[in-house]
Amino acid sequence: PCDPKATVLANCVGYANGRFAEIIGKPYIEYQLVCNAENFIESAKKQGLKISKVPTVGGIMVWQKGATLGGGDGAGHVAIVEEILQNGDVVTSNSARHGSYFYMRTYYASSGYNWSDYIFQGFIYNPYITPTPPPPPTGETEKKKFPWFIYWRRRF
């Protein structure tokens, strides 16, 4: 492990697959997205998963690194959407090769969700989660602080 407190290897691909299955509530990974992170979109399409540029809680956010999808100039990154803020920014849970086994990060709508030399490709919707309704208009704060994962677990 890259982190002495972890019992698993830090890696965004493994984390995203596991968290996607955890959100579904399955003890196994139903959708095998085992490729470089930047190739998740193509793999998800082949498995019939819905792709969009609109975020949804519980989905996978995908970035390409470099000019190709071949991995020679980087393998990209994937993260799980945990919360969508009123301004469109997306709070994610992540893991990173040569980094932390777990961290939270916000990606900004104002940048088109791009960061550094990572190019945003899209969101893979989790088929077991009803798409998140848009956040309430500014000024309405009921349920704003209520964590989505508690809501999800109470539904089932």
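Placed above this text is the structure.
Computed from a prediction, not measured in an experiment: that's the story for all the values here.

*Asks:* Could you clarify how one ought to interpret the overall build of the chain in this entry?
*Replies:* Counting secondary structure elements, the chain contains three helices and six strands. The order of helices and strands in the chain, counted from the N terminus, is α-α-β-β-β-β-β-β-α. Burial statistics for the chain: of 156 residues in total, 43% are counted as buried. Partitioning the contacts of the chain with sequence separation of at least 6, the portion at a separation of at least 24 is 61%. Per element, the accessible surface of the chain, about 8,700 Å² overall, is 58% carbon and sulfur.

*Asks:* Where do I start with the pattern of salt bridges in this structure?
*Replies:* Opposite charge on two side chains permits them to pair, given that their charged atoms come into close proximity. Counted according to the given criterion, the structure contains two salt bridges. Here R19 makes a salt bridge to E22, at a shortest N to O gap of 2.6 Å. Here the residue R19 and the residue E22 both occupy positions in helix α1 (residues 12-24), the gap between them amounting to three residues, near one helical turn. Residue R19 is classed as buried on the basis of its relative accessible area of 10%.

*Asks:* Got a minute to help me understand unusual backbone geometry in this structure?
*Replies:* Most peptide bonds are trans, and most residues other than glycine sit at a negative phi. At Y113, a position not held by glycine, the phi torsion is positive, near 70°. Examined against the element boundaries, Y113 turns out to sit in the loop between β5 (103-107) and β6 (118-124). Judged by its relative accessible area of 9%, Y113 is buried. Here S116, not a glycine, exhibits a phi torsion of approximately 50°, which is positive. With respect to the element layout, S116 can be found in the loop between β5 and β6.

*Asks:* Just to check I follow, could you spell out the pairing of β6 for this structure?
*Replies:* A regular strand places its side chains on the two faces of the sheet in alternate fashion. The element β6 is largely enclosed, with a buried count of six among its seven residues. In this sheet, β6 lies alongside strand β1 (residues 51-52) in antiparallel orientation, the contact comprising two bridges. In the sheet register, S52 faces β6, and the bridge partner there is F123. Pairing between strand β2 (residues 60-65) and β6: six bridges, direction antiparallel. The residue of β6 that forms the bridge with M61 is F123.

*Asks:* Could you clarify how one ought to interpret the nonpolar core in this entry?
*Replies:* Nonpolar side chains tend toward joint burial in soluble globular proteins. Counting 20 residues, the largest nonpolar core has F20, F40, I60, V62, V78, I80 and I124 as its most contacted members. Ranked by residues supplied to this core, first place goes to α1 with seven residues. In terms of nonpolar packing, the next biggest core, distinct from the first, is built from 14 residues, M61, W63, V90 and Y107 among them.

*Asks:* Honestly, the packing of aromatic side chains in this entry has me stumped. Any pointers?
*Replies:* Each pair of aromatic rings is reported with the distance of its centres and the angle of its planes. All chains considered together, the criterion is met by nine aromatic pairs. Ring geometry for Y107 against W115: centres 5.8 Å apart, planes inclined by 40°, an arrangement best described as tilted. We classify Y107 as buried; its relative accessible area is 2%. You can call W115 buried: its relative accessible area is 17%. Ring-pair connections join several aromatic residues into one group, and the members of that group are W63, Y107, Y113, W115, Y118, F120 and F123.

What counts and how
- Residues numbered from 1 in each chain as written.
- Predicted model: local features only at pLDDT ≥ 70, side-chain atom pairs only at ≥ 80, totals over all residues.
- Heavy atoms only, no water.
- Helix = DSSP H or I, 4+ residues; strand = E, 2+ residues; numbered from the N terminus.
- Buried < 20%, exposed > 50% of the residue type's maximum accessible area, 1.4 Å probe, protein only.
- Contact = heavy atoms within 4.5 Å.
- Areas by Shrake-Rupley, 256 points an atom, 1.4 Å probe, with all protein chains shown as cover.
- Salt bridge = Lys/Arg side-chain N within 4 Å of Asp/Glu carboxyl O.
- Pairing = 2+ DSSP bridges.
- Core = buried A, V, L, I, M, F, W, Y, C linked by side-chain atoms within 4.5 Å.
- Phe/Tyr/Trp six-rings, centres within 6.5 Å; stacked < 30°, edge-to-face > 60°.

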